[in-house]
Amino acid sequence: MGNVRRRFYFFMKKPAAQLKEKAKGKYDKLDTVLEKYKGRGGVLVKVLQEAQEMYGHLPRELLIHVAYELDVPLSEVYSVVSFYSLFRTKTTGRIHLEVCSGTACYVKGMEDLLEYFRENLSLRPGGITDDEKYSLTTSNCMGVCSSAPVIKIGGELHGEMTLEKLQQLLKEHENDKQTQR
Ligand code: FES
C-alpha cells in the first residue's frame, strides 16, 4: 500500500477493506478507466470527467474510490472538483439550470436571476428542488459576455436574460418535458 493510501485510511478512520467492500461492484465501469490511467501523473481531471460522463455526477463515495485507486490524497480530489465548475457532486434535476457568475454577468444582474430561483423555487446554487425537477449551479464565464447575463438551460445557452424571458423559457422547457413523457 502506498504512503498516500496509508495516510488516507488513517484519516478516514475506516479500515481499507471496509471501504473497498462498500464500493465493490459499484464502479466496475469506472475501474476499467482507472486501470487505464493508474500510475500516470496528471490524470485526475480526465478520470473525473469520464466518471461524471458515466454516472452523471460525482458522489463522495465515488471520489473516495478514485482517490484510493489513483493513490492521491482525497483533499486533492476535492480541490480539483471544487476548482472546475463542470464537476457536480450532486445529482441534477430533470431541468438543469446554470447561471453564469462571471464579471460581465454579475454586473448585468445575474443576482436577480439567482434571487428569482431562491424566491420562486426555493433553489440555491448547488441545490435541487424536492421533486428533483430543477437543479441549479453557477459557473465561470461562459465566453459570451456581450450577451450578459447568460444562463444555460438543459445545456443550451440563453443570453440577455430578463426575468420575463426566464419565466417563458422555464415554461417552454416544462412543456417539452411533459410532451416527452
Ligand atoms: S461573464 Fe458571463 S458569459 Fe462572460
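Residues numbered from 1 in each chain as written. Predicted model: local features only at pLDDT ≥ 70, side-chain atom pairs only at ≥ 80, totals over all residues.

Caption draft 1: Quick peek at the packing of helix α3 (residues 28-37) against helix α4 (residues 44-55). Following both chains from N to C, one finds α3 and α4 inclined at 165°, their axes separated by 10 Å at the closest point. If you check the angle between α3 and α4, you find them roughly antiparallel. Pair α3 / α4 crosses with right-handed handedness. Along its contact with α3, which presents Lys 29, Leu 30, Val 33, Leu 34 and Tyr 37, the element α4 presents Lys 46, Val 47, Glu 50, Ala 51 and Met 54. (Axes fitted to C-alpha atoms, helices over the stretch in contact; angles between N-to-C directions. Helix = DSSP H or I, 4+ residues; strand = E, 2+ residues; numbered from the N terminus. Parallel < 35°, antiparallel > 145°, perpendicular 65-115°, else oblique. Left-handed = near helix turned anticlockwise from the far one by under 90°. Contact = placed C-beta atoms within 7 Å.)

Caption draft 2: Quick peek at unusual backbone geometry. Cis rather than trans, the peptide bond between Ala 148 and Pro 149 has omega equal to -5°. Tracing the chain through its elements places Pro 149 in the loop between β2 (134-139) and β3 (151-153). At Asp 71, a position not held by glycine, the phi torsion is positive, near 60°. Turning to its location among the elements, Asp 71 is positioned in the loop between α5 (60-70) and α6 (74-83). In this structure Asp 71 comes out as partly exposed when scored by C-beta crowding, with 15 C-beta atoms within 10 Å. (Buried ≥ 20, exposed ≤ 12 C-beta atoms within 10 Å, placed from the backbone.)

Caption draft 3: Structural view of the nonpolar core. Within the largest apolar cluster, 16 residues are counted, with the highest numbers of intra-cluster contacts made by Val 99, Cys 100, Leu 113, Val 150 and Ile 151. Going through the elements one at a time, β1 (95-100), α8 (110-121) and β2 are the ones with two or more residues in this core. Discounting residues that sit within four places of it in the chain, Val 99 has contacts with Met 110, Leu 113, Leu 114, Thr 138 and Ile 151. Of all hydrophobic cores here, the second largest spans 12 residues; its members include Leu 48, Val 66, Tyr 68 and Leu 70. (Core = buried A, V, L, I, M, F, W, Y, C linked by C-beta atoms within 7 Å.)

Caption draft 4: Examining the pairing of β1 more closely. In the sheet, β1 pairs with β2 via 6 bridges, with the strands oriented parallel. Of the residues in β2, the one forming a bridge with Ile 95 is Tyr 134. Note that β1 and β3 share 3 bridges and pair antiparallel. Bridging from a neighbouring strand, Leu 97 pairs with Ile 153 of β3. (Pairing = 2+ DSSP bridges.)

Caption draft 5: Spatial organisation of the confidence of the model for the protein. Of the residues in the protein, 83% reach a pLDDT of 70 or more, and the chain-wide mean stands at 86. When the elements of the protein are averaged for pLDDT, helix α1 (residues 3-12) gives the smallest value, 57, and helix α7 (residues 103-107) the largest, 97. (pLDDT = per-residue confidence, 0-100.)

Caption draft 6: Molecular detail of the packing of α4 against α5. Running from N to C, α4 and α5 point in directions that differ by 140°, and their axes come no closer than 12 Å. Handedness of the crossing formed by α4 with α5: right-handed. Between α4 and α5, the contacting residues are Leu 44, Val 47, Leu 48, Ala 51 and Tyr 55 on the first element and Leu 62, Val 66 and Leu 70 on the second. Considered class by class, the residues forming the contact of α4 with α5 number 8 nonpolar, no polar and no charged. (Nonpolar A, V, L, I, M, F, W, Y, C, P; charged D, E, K, R; others polar.)

Caption draft 7: How the structure looks around the environment of Glu 76. Mapped onto the secondary structure, Glu 76 falls in helix α6. Looking at Glu 76, the number of C-beta atoms within 10 Å reads 13, which means it is partly exposed. Residues Glu 76 and Leu 44, 32 residues apart in the sequence, show an inter-C-alpha distance of 9.2 Å.

Caption draft 8: Structural context of the sheet that holds β2. Here 4 strands make up an open sheet; going across it, the order is β2-β1-β3-β4 and the pairing mixed. Each of the sheet's edge strands pairs with one partner strand only, and the pair in question is β2 and β4 (156-158). Going across the sheet, the axis of each strand differs from the next one's by a mean of 25°, ignoring polarity. Taken strand by strand, α8 contacts β1, β2 and β3, and its axis lies near 145° from that of β1.

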